[in-house]
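Working through the structure, step by step
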Amino acid sequence: MIEATELTKRYGERTAVDGLSFTVRPGRVTGFLGPNGAGKSTTMRLILGLDTPTSGTVRVGGRRYRELVAPLRVVGSLLDAGGVHGGRSAHAHLAGLAASNGIPRRRVDEVLATVGLDPATARRRTRGFSLGMGQRLGIACALLGEPEVLLLDEPVNGLDTEGIRWIRGLMRSLAAEGRTVFLSSHLMSEMELTADHLIVIGRGRLLADTGMREFIESNSRARTLVRAAEAERLRDVLDAAGASVRLDARGGWLVDGLDAPTIGALARAHDLTLHELAPRRSSLEDVYTAMAAGAGDYRTEVAS
Ligand SMILES: Nc1ncnc2c1ncn2[C@@H]1O[C@H](COP(=O)(O)OP(=O)(O)OP(=O)(O)O)[C@@H](O)[C@H]1O
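Every value quoted in this text rests on a predicted model; they were computed, and no experiment measured them.

Quick notes on the site of the ligand
Around the ligand, the surrounding shell consists of Tyr11, Arg14, Ala16, Gly34, Asn36, Gly37, Ala38, Gly39, Lys40, Ser41 and Thr42. Here the element with the most residues in the shell around the ligand is helix α1 (residues 40–47); it accounts for 3 residues. Taken together, the residues of the shell around the ligand break down into 3 nonpolar, 6 polar and 2 charged.

Shown next, in the form of structure tokens:
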């Protein structure tokens, strides 16, 4: 569990985090969304005690980070894409971390297996690691102490499809084990597939703290995809009925303002043969973009 209470961080005149209160609960993946500069990384640094709040508090597992006796056993994190690079091997790096944090050495081989770094690769210097391998090592470090809480800032940045799918599966299985998983990403489609819950911020302030499905359903607009052989005539009919009609990227018309039964009835009345008539559910990206456009100061953030 992560609990932020009236968390505020100012850097000189600039307020990066502004009275933020939220709880990240165990047993689910919570996504952390906000445009560039919204304060996500600052919040994550505050959670991890890498920065001190100007006011307010944040607790991990019931304590402030700096009060934790064995932090790696309570919270694992991946903040910097690319993870660890250097002259030591992945194995040596993990063994050093384990020794200095009182973590049994057997965990080194266990986490290497979990993240899919084979023994030969794990003995190589990390300097030559690809982004994906570095990311796997970073996650191995985060998992080393079997922490209850995991915090990941843009974990899929720069990863290929296979790597992205792997991280998604791992996050979901960690949450299923009852852990608290808190993750930021700008990739909306990926976030929609991975997270159960969302915390959305803009200009350091809380905009939403809600379930993923709830967030999408309560903010989505009914749309319908419709396709007919006589595409132009269909468009004229829809226009005349007052709908907003635009071309869908994959062909057909995307209609706002009329539901599927109404469109079906209109087509019949005008003797149009439909080839497709499908209600379209909004995606997280649709809803998030609309929310950004609707919130005044939020839009400025998006544009910056
Ligand atoms: N060490 C710092 N000194 C001064 N200003 C900072 C510092 N760290 C962050 N800021 C400012 O605080 C605000 C929030 O930044 P932060 O990096 O937390 O946002 P973010 O949501 O993580 O953005 P991004 O999505 O681009 O990573 C920004 O305006 C940033 O310029």
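Moving on, there is more to tell.
Some details on the nonpolar core
Grouped together as the largest cluster of nonpolar side chains are 66 residues, with contacts concentrated most on Ala140 and Leu144. Among the elements that line this core, the one with the most residues is helix α5 (residues 131–143), at 7 residues. Residues in contact with Leu144, not counting those within four places in the same chain, are Leu72, Gly76, Leu94, Leu97, Ala98, Ile103, Arg107 and Val111. Ranked by size, the runner-up nonpolar core spans 9 residues in total, among them Val226, Leu238, Val255 and Ala267.

Describing α1
Counting buried positions along α1 yields 6 of 8 residues, so the element is predominantly enclosed. A positive phi of about 65° marks Gly49, the residue just after α1.

Describing the sheet that holds strand β9 (residues 205–211)
Strand order in this open sheet of 6 strands is β5-β6-β7-β3-β8-β9, and the pairing throughout is mixed. In the strand order of this sheet, the two ends are held by β5 (75–78) and β9, each with one partner. Pairwise comparison of adjacent strand axes, ignoring direction, gives a mean angle of 15° for this sheet. Direction of pairing for β5 relative to strand β6 (residues 149–153): parallel, over a ladder of 4 bridges. Paired with Gly76 across the strands is Leu150, a residue of β6. Against the sheet, α1 touches β3 (28–33), β6, β7 (180–184) and β8 (197–202), its axis set at about 150° to β6.

What counts and how
Residues numbered from 1 in each chain as written. Predicted model: local features only at pLDDT ≥ 70, side-chain atom pairs only at ≥ 80, totals over all residues. Near = placed C-beta within 6 Å. Helix = DSSP H or I, 4+ residues; strand = E, 2+ residues; numbered from the N terminus. Nonpolar A, V, L, I, M, F, W, Y, C, P; charged D, E, K, R; others polar. Core = buried A, V, L, I, M, F, W, Y, C linked by C-beta atoms within 7 Å. Buried ≥ 20, exposed ≤ 12 C-beta atoms within 10 Å, placed from the backbone. Contact = placed C-beta atoms within 7 Å. Pairing = 2+ DSSP bridges. Axes fitted to C-alpha atoms, helices over the stretch in contact; angles between N-to-C directions.

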